[in-house]
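The chain contents come next:
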2 protein chains.
Amino acid sequence: MVPEPPASQPNADGGLGRLLERAFAGDRMGLARAISLVENEAPEARAVLDAAFPRTGGGVRIGITGPPGAGKSTLVAQLARHYRGGGERVAVVAVDPTSPFSGGALLGDRVRMAELAGDDGLFIRSMASRGSLGGLAVTTTEVCDLLEAAGFTRVLVETVGVGQSELEVAEAVDSVLVVLVPESGDGVQAMKAGLMEIGDLFVLNKADREGAERAAQELRAVLGLKKSEPGAWTPPVLLTVARTGDGVAELAAQVERHLEHLRAHALLAARRRLRLHARVSELVYQRATRRLRARVDAARWETVLTALEERRLSPHQAAAALWKEAWPDEEESPRP
Amino acid sequence: MVPEPPASQPNADGGLGRLLERAFAGDRMGLARAISLVENEAPEARAVLDAAFPRTGGGVRIGITGPPGAGKSTLVAQLARHYRGGGERVAVVAVDPTSPFSGGALLGDRVRMAELAGDDGLFIRSMASRGSLGGLAVTTTEVCDLLEAAGFTRVLVETVGVGQSELEVAEAVDSVLVVLVPESGDGVQAMKAGLMEIGDLFVLNKADREGAERAAQELRAVLGLKKSEPGAWTPPVLLTVARTGDGVAELAAQVERHLEHLRAHALLAARRRLRLHARVSELVYQRATRRLRARVDAARWETVLTALEERRLSPHQAAAALWKEAWPDEEESPRP
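## Let's talk about the overall build of chain A
Now for step 1: Scanning chain A from terminus to terminus reveals 13 helices and seven strands.
Now for step 2: In chain A, buried positions account for 46% of the 336 residues.
Now for step 3: The contacts of chain A with a sequence gap of at least 6 include a subset with a gap of at least 24, amounting to 74%.

## Observations concerning the packing of helix α12 (residues 298-309) of chain A against helix α13 (residues 315-326) of chain A
Residues and elements named next belong to chain A.
Now for step 1: The geometry of α12 relative to α13 is characterised by a closest axis approach of 10 Å and an angle of 160 degrees between their N-to-C directions. One finds that α12 runs roughly antiparallel with respect to α13. Classified by chirality, the crossing of α13 by α12 is right-handed. Within the contact between the two elements, α12 uses Val304, Ala307 and Leu308 and α13 uses Pro315, Ala318, Ala321 and Leu322.
Now for step 2: Taken together, the residues of the contact of α12 with α13 sort by class into seven nonpolar, no polar and no charged.

## Some details on the sheet that holds strand β7 (residues 237-239) of chain B
Residues and elements named next belong to chain B.
Now for step 1: The sheet built from seven strands is open, its strands ordered β3-β2-β4-β1-β5-β6-β7 with parallel pairing. Taken across any chain shown, the strands that pair with only one partner, and hence form the sheet edges, are β3 (122-127) and β7. Taken pair by pair, the neighbouring strands of this sheet meet at an average axis angle of 20 degrees, ignoring direction.
Now for step 2: Sheet topology places strand β1 (residues 60-65) next to strand β5 (residues 175-180); four bridges connect them, and they run parallel. Bridged to glycine 63 within β5 is valine 176.
Now for step 3: Contacting β6 (201-204) and β7, helix α9 (residues 212-224) crosses the sheet at an angle of about 165 degrees to β7.
Now for step 4: Contacting β1, β5, β6 and β7, helix α10 (residues 248-264) crosses the sheet at an angle of about 170 degrees to β6.

## What to know about the sheet that holds strand β6 (residues 201-204) of chain A
Backbone hydrogen bonds hold the strands of a sheet together, and the pairing may be parallel or antiparallel.
All names here are of chain A.
Now for step 1: Overall, parallel pairing links the seven strands, which are arranged β3-β2-β4-β1-β5-β6-β7 in an open sheet. Of all strands in the sheet, those bounded by a partner on one side alone are β3 (122-127) and β7 (237-239). On average, adjacent strands in this sheet sit at an angle of 20 degrees to one another, irrespective of strand direction.
Now for step 2: Packed on one face of the sheet, helix α6 (residues 136-149) meets β1 (60-65), β2 (90-95), β3 and β4 (154-159) and runs near 160 degrees to β2.
Now for step 3: Together, β6 and β7 form the strand contacts of helix α9 (residues 212-224), whose direction differs from that of β7 by roughly 165 degrees.

## Observations regarding the nonpolar core
Now for step 1: The biggest cluster of nonpolar side chains holds 74 residues, and the ones touching the most others in it are A:Ala34, A:Val93, A:Leu146, A:Leu156, A:Val157 and A:Val203.
Now for step 2: It is α6(A) that provides the largest number of residues to this core, a total of eight residues.
Now for step 3: Of the residues that make up this core, three or more belong to each of domain 1 (1-53) and domain 2 (56-265) of chain A.
Now for step 4: Contacts of A:Leu156, omitting those with residues within four sequence positions, involve A:Ile62, A:Ile64, A:Val76, A:Leu79, A:Ala80, A:Val90 and A:Val92.
Now for step 5: Of all hydrophobic cores here, the second largest spans 73 residues; its members include B:Ala52, B:Val90, B:Leu167 and B:Val179.

## With respect to α9(A)
Residue and element names in this part refer to chain A.
Now for step 1: The first and last C-alpha atoms of α9 sit 18 Å apart over 13 residues, in line with the 18 Å expected at 1.5 Å per residue.
Now for step 2: Listing the buried residues of α9 in full gives Ala215, Ala216 and Leu219. Axial view of α9: buried residues confined to an arc of 100 degrees, hence all on one face. Exposed positions of α9 whose direction lies more than 90 degrees from the buried face are Glu213, Arg214, Gln217, Ala221 and Gly224.

## Considerations on the pairing of β3(B)
All names here are of chain B.
Now for step 1: Taken across its six residues, β3 has six buried, putting it largely inside the fold.
Now for step 2: In β3, alternate side chains face the same way, and those of Leu122, Ile124 and Ser126 on one face and Phe123, Arg125 and Met127 on the other are all buried.
Now for step 3: Relative to β3, strand β2 (residues 90-95) runs parallel, the two being bridged by six bridges. Looking at β3, one finds that alanine 94 is bridged to serine 126.

## Describing the confidence of the model for chain A
All names here are of chain A.
Now for step 1: Confidence along chain A averages 81 in pLDDT terms, with 79% of residues attaining 70 or more.
Now for step 2: Throughout residues 1-13 the model reports pLDDT below 50, and contacts reaching past four residues in sequence, or to other chains, amount to 22 contacts.
Now for step 3: Within the model, the stretch residues 99-109 combines pLDDT values under 50 with 16 contacts to residues more than four positions away or in other chains.

## Points about the pairing of strand β4 (residues 154-159) of chain B
Residue and element names in this part refer to chain B.
Now for step 1: Most of β4 sits out of view: six of its six residues are buried.
Now for step 2: The alternating pattern of β4 places Arg154, Leu156 and Glu158 on one face and Val155, Val157 and Thr159 on the opposite face, and all of these are buried.
Now for step 3: Where β1 and β4 come together, five bridges link them in parallel fashion. What sits directly across from glycine 63, in β4, is valine 157.
Now for step 4: Of the pairings in the sheet, the one linking β2 to β4 comprises six bridges and is parallel in character. Its bridge partner being in β4, valine 90 is matched across the sheet by arginine 154.

Rules used throughout
Residues numbered from 1 in each chain as written. Chains lettered and ligands numbered in written order. Predicted model: local features only at pLDDT ≥ 70, side-chain atom pairs only at ≥ 80, totals over all residues. Helix = DSSP H or I, 4+ residues; strand = E, 2+ residues; numbered from the N terminus. Buried ≥ 20, exposed ≤ 12 C-beta atoms within 10 Å, placed from the backbone. Contact = placed C-beta atoms within 7 Å. Axes fitted to C-alpha atoms, helices over the stretch in contact; angles between N-to-C directions. Parallel < 35°, antiparallel > 145°, perpendicular 65-115°, else oblique. Left-handed = near helix turned anticlockwise from the far one by under 90°. Nonpolar A, V, L, I, M, F, W, Y, C, P; charged D, E, K, R; others polar. Pairing = 2+ DSSP bridges. Core = buried A, V, L, I, M, F, W, Y, C linked by C-beta atoms within 7 Å. Domains from an automatic or database assignment. Expected span 1.5 Å × (residues − 1). Arc of directions from axis to C-beta. pLDDT = per-residue confidence, 0-100.

Okay, structure coming up:
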């Protein structure tokens, strides 16, 4: 695994520009450093992102999500191998906001397998930190930008944690694979309740276990309940055995079919436009946050919180007072 | 179920003040209307919340979460019955951001059982909408405020959906119950990955099924792995059969023990202070959002998005430009 260098020394190799030049030309160490700068919200982060952005757009981002134990990591490794076989340059991002340490360790194994084998067309990165300012979707998108700028044409984003990370990562990618196993009855339950909404493709992994075909039929039935417009995408349900690689080529073909569908209906551009909108909005709110932090000090917050606890101020009244402090020269905000 | 009245006619009964007077005095229809005003972000919402806030603080908010099919609804009904037996006024809020319709329907059954039985000390409310501005945690907190202002001393907040709703609702309550069933192997998996962090008490429901005691031991072992300070709260693992009510009294006793622990260590006040901080911050950002919407029109957004798509602007550059439009008289924000 490429060790993460201290983010504070981007100039050690002759300046940020040189670092980025190397990173975008395919230097793994330079790329790892650039990603760390962005992840750690270093002062150089914005310059890194601004330099990367014009070089993006040449890759496809695929999210892989599902409950723990479904075999996502093995499936991702097989997909990566498949894409490598087709000449694509592949990056894997493992997103684990809940447990930074185990995530990193798990990843270590895979990296030993892959990177030490000396394949320059494969890059693996753990994303443990949640980021203090931006949400997970934003940080994931930013890391994907750097990877695309460095020439990776298939970026596989795997969620390791459960919960909101799945939904946030879904916002950051072009196509979402939901991975389940045949025997988990709550697979269908979970889908009814949330994952069904985000999946573009469904994979029943470990399909050599009993009941796989029946589970697939149940899944298709559940998915069929979704009302859809004529011409809309119907998420396929695929069977794989990631351990052996069975079904992986067909899965990859179906992913391409989905991307083709998005392109044919101008949906890929629409998805990406929506992402850009969300991202810019997020950056504007980060500016508002910084402004608030800069103008309202901790002591003042204490006073306000005490007034709230004693019910002398309501939350809205407190917000109005703080707003006035952060933006003193401004008229009251347009709506009450 | 109390039908939701149109939010646009708060004055039909003689003004907002009269409506709130009735709501806080225990009138169910008035309360339902006041909640709708807040949920729908009606122009009157802020006045409703400002009036309610000084009356809050007299109740306890308990979150009930866990995977679909664990029996949360039945357990909530049993807890409500238990608290009613002790003379508490009980409100149940079912939070289902993913599927507004099924949530409402599910709730309908319970309401028929409970409310049509004419118990004025029990109020049940579905919260289907996510709210366009505030997050789920904020909306939940606001609805809880209204319920407390109306004299409900036990507010049970049940998450119906899965995913991020669990984590968000956990931020809005004093004590979190995580409900699981004995045979779900991913119970332990799910906990390792996320739910373990938010649970103050763990319930193995349907404990008359085989393997319940063993599952409880496994769960305790997993929870024991968490490093904890001396004197810290160790989440108990309780066995219940919600269908029959077995174990519910003991569960309620343990909830009280947890609240007592929080009070004894000044943690209840700290939790609530943290919530107030988050809520006020959120309201300040809502103001920023409104400002941005008011100052930057759709056509301008289109121009910016096109420039982004064509890679002529980076997201940071776009954010800087929009910020300048929304806050034109202001110096550049303090940090880059």
